[in-house]
Amino acid sequence: MLSHLRVQELLSVVDEMRVEDGGGRQVEEQVMTLLSLLASRAPHGPDALQAFVENSDSHEARLILTHDHMVKEHQTMLLQRLASSRDRMYNAPPSLSSASRGLLLVDGLSNLQQKEHDLMQVNTARGSGRIHLRSLALARLMEPLTRVSSSPRVSLTVGVAGIGKTALVRQFVTQWCLRKVCGDISFVLPLSFWELNSLEKVSAERLVRLAFPHLSDPSLVLSGACRTLLIFDGLDEFRCRLNFSDASTCSDPKKEVSVEDLVTNIIRGNLLPDVSVWLTSRSAHAALIPVGLVDRLTEVPGFTSQDVHTFLHHYLPERDTAGQVWAHLESHKFLMVMSYIPCVCQIVMETLRFLLQKGSPDGLPRTCTELYAHFCAMNAEAGAPRGREPMRTEQVQASQRKLLGPLGRLAFYGLIKHKYTFGEQDLRAHGVDLPSAQGSHGAALLVREESAIFVAYRFAHLTVQEFLAATFYHVSSKRAIFDLFSESAMSWPKLGFQNHFRNALQRSQQDDGGHLDVLVRFLAGLLSPSAAKPLAALVGKDDCSQQVWAGGFLQSLLGPTGGSEGGAAVSLREVNLAYCLQELKHTELLWKVEEALSSGSLAGTLSRSHCVALAYLLQVSPECRQETNLSDCLNYSTVKCLLPQLLYCSHLRLENNHFKDNVMELLGSLLSAKDCQVQKISLADNSIGNLGAKALSRALLVNRTLTALDLRSNNIGAKGARFLAEALKMNQALVSINFQNNAIGEEGTRALADVLLVNRKLVSLNLCSNQLGDGGATALAQALVENRTLLSLQSVVLLLLLLLLLLLLLLLLTANLLHDEGVQAIAGAIGVNQSLTSLHLQWNFIKVGATKALAHALTSNTALNLLDLQGVSAGRSGAIAMATALMVNHSLHTLDLRGNSIGMEGAKALASALKHNHSLKSLNLQENGLGMDGAIFIATALRANHQLTYINLQGNGIGESGAKVISDTIRTNSPDCVVMI
């Protein structure tokens, strides 16, 4: 019977059933009949509907009869499969699961993601993802993002190996089975690309029948009669390369085609156009899919330092052990950065805990090679046969050779063929003992995956495969006579370890994608005795001379340590050579450059090899993580050399480098780059002119990451200010810009004032020492008045105009030759502006009249928190006017009246105001000729005012005895107030 289906649901399902016929959409005859029956209100309607459904062969009718049963059975089977699958992150707390971390919406893949090795991506970006990305909860992955948008047909999720893509898929499927997410999806069909590797030709329906034999009617699931989601997990593990230009077109779900053509046609929408598709992949492989075919691109974020800390204390509840591990990670930042990958984080935690519990005499690992050597040795030891007696050294060594030797061969030949999953036939071909590989010890290195289609094996993480591959190459190169990288049986003879080592480095340097980067890091690291020791039975004991030779060879590849500076841009392949030196523990050059960086003595020392070492330090040095200070040490050549690495420095200080306009062309290209992660840049004290400003302005038109730009003490001038002003009208990222001491004059100020009328983000503008003049000040004032107009309109149209609101918070006009006319214009604007919070007018020619105008403005302003009037010749009358304003103003927190000759009468007026004002917290009256009497007036005012926390009365001729009296008075009346006398 149909009582369990609501008529409204049937109407919705059937109404969506349309068939393409000729040039338009027509409703099938059976659908029309069913709709008329559903719409019927006659008593025989339900019986007629029942008879129609039971006698119909249409997809709709079959769906009505079998839908609920098929869905329940499918969900039950999926949950059973998921329960038996092993998740490497099983020890992670719920707050760190892939689903809890959510996803990041991205608008495209960066060049780094498309071209570089996963670990180099993490190293270069220092573990942090791209900034200013919108987060997306897993539950909303297949939903519209707005009311007017539609659900995505093809979604693509990217992330480095081990970041949690497969775990995310499993958690999504689990939540769907439990009806917690995507309730409008009737069927979720999760497939992995390693399953497809066993197939040659297959149809869409046969694929579903193979993978989900419990689904009795695959054609119904794929027909579009209900919403179906097809998941393809792990594109990077697919043996075929997707070719969207030459793939044969197929639209028939019953037609058998090659498996790569099947996937290509499904993504294109030629096949199963009504089925939603979700793919996951490492980013370099995801770049093979044309962007026009992807409706939604998301990225799985890695751990943060806080996440690593949380995971550590969850995984190692013993406080002492957790503290030791955390201290070790903090002092070896490369291990911390690697731990941002969740799967690697667990490898790190397992290994360090094992070594601490074991009481390793050599301490904790200091390089990645040492870490993975201990990890593999730990698992080989766990798998050695045990009796009542403790294991002998011979047993451990035999276990190492039996388990790790064949796995190394499998890892190496898989790596050079870009193969990451293996069948049982592959394991046998490379001599891997299946019982050992499937045992509890082997499972930590080689994970078994099983589905209805295929049984596959993969290494616990890509880095595990790369390390074992390095051990195989290390051992084999000592006796091999031909090139181990050659797939053919014959190649030019290569005798001796050194020739093979050179060959590996050469191939790594020639690979633009860095596919072999980590392999050669481990290969270099295995020459260090401390790294080779845990696996001595496998890799043997090397003569230290090999380590010395390798260090010299690697350093020679970096270029000379003397000679001219800079050169061509340092590539990431060259930076990888520095990583090799670190793994080898040949760190003299790296240490020398790091010392110079810390002490600020890099100037004149940046040869080519030093630039490569510096590029490496920009990725790993703790000093460079928060702020990269390269002041007073760079020139055009070195900037050009370091440009690719500067992209990923969040806070750049490039002060006092004598940069001219040609350097700004380089930095403009840096800020324009898609991968740019620079958020703050200081270019103070250089020689940047209007052409350099023009180069910067072009970058600001496209840059979306820079929030603070410091151009203090350059030669921007009025023309340069106009260039930058045009860019600032469009830029929606900058919130702070410093133009101090750039001689922009009235013309430049007027251009910047126009910016304040339209820019929606700028909150801090420093125009100190720029000779603005009264005309410039008037233009700024008019802009602030316009700002006030937007604010009042916003109260009428609520949030619509909130997006248009200019919220300038800080205006610095120090030493700008402003006279009464200009300041009175500013005062008029302050009277109506309700957004500005800080105003700096020190060292201008303001005098009494303008001071009174400012004071009058304060009586109606409720936003200004800070007013700096140092050295403006306010005099006694100006102070009295300010005192009058303080009687009614309740927003001002800081008032600076230094050097204004207000005298005793001005102090008396201010003291009277302080008895009524309860908002002012800081008052600076330094060098005002108050005398002891004026200072006492101020001190006694604190009997009624307990809000002031800072008063400066220095330089007022008070004398020692007067200072003691005043100090005692203030201490008695307001003990929390800091007084400077």
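What you see is a predicted model, and the numbers here were worked out from it, not measured in a lab.

Caption draft 1: Highlighting the overall build of the protein. In terms of regular secondary structure, the protein is built from 44 helices and 27 strands. Long-range contacts, defined as pairs at least 24 residues apart, comprise 79% of the intrachain contacts of the protein with a sequence gap of at least 6. As displayed, the protein offers around 40,600 Å² of accessible surface, 52% of which is attributable to carbon and sulfur atoms.

Caption draft 2: Layout of the sheet that holds strand β8 (residues 228-233). With mixed pairing, the seven strands of this open sheet are ordered in space as β4-β3-β11-β5-β10-β8-β6. The open sheet is flanked by β4 (134-136) and β6 (187-192), the only strands paired with a single partner. Sheet twist, expressed as the average angle between the axes of neighbouring strands with direction ignored, equals 25°. Bridge count between strand β5 (residues 154-158) and strand β10 (residues 276-281): five bridges; the pairing is parallel. Bridge pairing links S155 to W278 in β10.

Caption draft 3: Summary view of the pattern of salt bridges. In this structure the tally under the stated criterion is 29 salt bridges. For E330, the salt bridge identified is with K333, shortest N-O distance 3.2 Å. Note on E330: relative accessible area 37%, which makes it partly exposed. A cluster of three or more residues bridged by salt bridges with shared partners is formed by E627, R653, E655, D710 and R712.

Caption draft 4: Molecular detail of the sheet that holds strand β12 (residues 421-422). In space, the three strands of this open sheet follow the order β12-β14-β13, with antiparallel pairing throughout. Whereas interior strands pair on both sides, the edge strands pair on one side only; in this sheet they are β12 and β13 (446-450). One ladder, built from two bridges, connects β12 with strand β14 (residues 455-459); its direction is antiparallel. The partner of T421 across the bridge, within β14, is R458.

Caption draft 5: Expanded view of the packing of helix α24 (residues 517-525) against helix α28 (residues 572-584). As a packed pair, α24 and α28 sit with axes 7 Å apart at the nearest point and diverge in direction by 30°. When the axis of α24 is compared with that of α28, the two are roughly parallel. The chirality of how α24 crosses α28 is right-handed. For the pair α24 and α28, contact is made by D517, V520, R521, A524 and G525 and by R573, N576, Y579, C580, E583 and L584, respectively. Split into classes, the residues belonging to the contact of α24 with α28 amount to five nonpolar, two polar and four charged.

Caption draft 6: Spotlight on the pairing of β14. When β13 meets β14, the two strands line up antiparallel, connected through five bridges. Each residue of the ladder has a partner; that of E449, found in β14, is A456. Linkage of β13 to β14, two consecutive antiparallel strands, is achieved through a turn of four residues.

Caption draft 7: How the structure looks around the environment of S100. With respect to the secondary-structure elements, S100 resides in helix α5 (residues 98-101). Spatially, the C-alpha atom of S100 lies 9.4 Å from that of L168, the residues being 68 residues apart in sequence. Ignoring any residue separated from it by four or fewer positions in sequence, one finds S100 in contact with P94 and S95.

Caption draft 8: Representation of the nonpolar core. Ranked by internal contacts, the top residues of the largest apolar core, which has 299 residues, are F172, L329, F501 and L683. Apart from the residues lying within four places of it in its own chain, the contact partners of F172 are L138, V181, C182, V188, L229, I231 and W278.

Caption draft 9: Up close: the side chain of H515. Within the element layout of this structure, H515 appears in the loop between α23 (497-510) and α24. Residue classification places H515 among the buried positions, given a relative accessible area of 12%. Not counting residues within four places of it along the chain, the set of residues in contact with H515 comprises H117, L415, I416, H418, Y420 and E466.

Caption draft 10: Representation of unusual backbone geometry within the structure. The backbone of N741 sits at a positive phi, close to 55°, despite the residue not being glycine. Relative to the helices and strands, N741 resides in the loop between β19 (736-738) and α36 (745-758). Positive phi, close to 55°, is recorded for S901, a residue that is not glycine. Relative to the helices and strands, S901 resides in the loop between β24 (894-896) and α42 (903-914).

Caption draft 11: Quick look at the packing of aromatic side chains. Tallying each qualifying case throughout the model produces 20 aromatic pairs. When the centroid spacing of 5.5 Å and the interplanar angle of 35° are considered together, the rings of F193 and F232 count as tilted. Remark: F232 occurs in strand β8 and F193 occurs in helix α9 (residues 193-196); sequence separation between them is 39 residues. Residue classification places F232 among the buried residues on the basis of a relative accessible area of 0%. Considering the side-chain rings of F412 and Y413, the 5.2 Å spacing of their centres and the 80° angle between planes classify their relative orientation as edge-to-face. Residue F412 is classed as buried on the basis of its relative accessible area, which comes to 0%. Grouping aromatic residues by their ring pairs yields a cluster made of F412, Y413, F472, Y473 and F485.

Caption draft 12: Main features of the confidence of the model for the protein. Per-residue confidence for the protein averages 83 on the pLDDT scale, and 83% of its residues sit at or above 70. Segment residues 1-31: pLDDT under 50, and 38 contacts once partners within four positions in sequence are set aside and those in other chains are kept. This model gives residues 787-807 a pLDDT under 50, and the stretch forms 26 contacts once residues within four places in sequence are excluded.

Caption draft 13: Region of the structure containing helix α10 (residues 204-211). Among the residues making up α10, those that are buried are A204, E205, L207, V208 and A211. Mapping the buried residues of α10 onto a view down its axis gives an arc of 160°, with all of them on the same face.

Caption draft 14: Representation of the environment of E299 within the structure. If you trace the backbone, E299 turns up in strand β11 (residues 296-299). On the accessibility criterion, E299 (12% relative accessible area) is buried. As a C-alpha pair, E299 and G102 span 197 residues in sequence and 9.1 Å in three-dimensional space. At 3.3 Å, the side chain of E299 and the side chain of Q113 are in polar contact.

Caption draft 15: Quick peek at a nonpolar patch on the surface. Together, L701, V702 and M730 line one region of the surface with nonpolar side chains, adding up to about 320 Å² of accessible area. On the secondary structure map, M730 appears in the loop between α35 (717-728) and β19. Among the residues examined, M730 registers a relative accessible area of 58% and is labelled exposed.

Caption draft 16: A look at the packing of helix α14 (residues 305-315) against helix α15 (residues 319-331). In contact at an axis separation of 10 Å, α14 and α15 are set at 155° when each is read in the N-to-C sense. Judged by the inter-axis angle, α14 sits roughly antiparallel to α15. Classified by chirality, the crossing of α15 by α14 is right-handed. The residues of α15 that touch α14, namely those facing S305, V308, H309, L312 and H313, are A322, V325, W326 and L329.

Caption draft 17: Up close: the environment of A874. Secondary-structure assignment places A874 in the loop between β23 (866-868) and α41 (875-886). Considering only alpha carbons, one finds A874 and I846, 28 residues apart in sequence, at a separation of 7.1 Å.

Caption draft 18: Highlighting the state of the cysteines. Enumeration over the complete set of coordinates arrives at zero disulfides. Among the cysteines around C345, which has no disulfide bond, C343 carries the closest sulfur, lying 9.8 Å off.

Caption draft 19: The side chain of T463, seen in detail. Position of T463 relative to the elements: it lies in helix α22 (residues 462-476). A distance of 2.7 Å separates a polar atom in the side chain of T463 from a polar atom in the side chain of H461. Residues in contact with T463, not counting those within four places in the same chain, are L119, V344, Y372 and F522.

Caption draft 20: Here's a closer look at α14. Of the positions making up α14, those classed as buried are D307, V308, F311, L312 and Y315. Looking straight down α14, one finds its buried side chains confined to an arc of 140°; they lie on one side. Buried residues in α14 make contact with α15, α16 (333-338) and α17 (342-358).

Calculation rules
- Residues numbered from 1 in each chain as written.
- Predicted model: local features only at pLDDT ≥ 70, side-chain atom pairs only at ≥ 80, totals over all residues.
- Heavy atoms only, no water.
- Helix = DSSP H or I, 4+ residues; strand = E, 2+ residues; numbered from the N terminus.
- Contact = heavy atoms within 4.5 Å.
- Areas by Shrake-Rupley, 256 points an atom, 1.4 Å probe, with all protein chains shown as cover.
- Pairing = 2+ DSSP bridges.
- Axes fitted to C-alpha atoms, helices over the stretch in contact; angles between N-to-C directions.
- Salt bridge = Lys/Arg side-chain N within 4 Å of Asp/Glu carboxyl O.
- Buried < 20%, exposed > 50% of the residue type's maximum accessible area, 1.4 Å probe, protein only.
- Parallel < 35°, antiparallel > 145°, perpendicular 65-115°, else oblique.
- Left-handed = near helix turned anticlockwise from the far one by under 90°.
- Nonpolar A, V, L, I, M, F, W, Y, C, P; charged D, E, K, R; others polar.
- Core = buried A, V, L, I, M, F, W, Y, C linked by side-chain atoms within 4.5 Å.
- Phe/Tyr/Trp six-rings, centres within 6.5 Å; stacked < 30°, edge-to-face > 60°.
- pLDDT = per-residue confidence, 0-100.
- Arc of directions from axis to C-beta.
- Polar contact = N/O pair within 3.5 Å; in protein donor to acceptor, adjacent residues only side chain to side chain.
- Patch = residues over 30% accessible without salt bridge, like charges linked within 9 Å, V, L, I, M, F, W, Y side chains within 5 Å.
- Disulfide = S-S within 2.5 Å.

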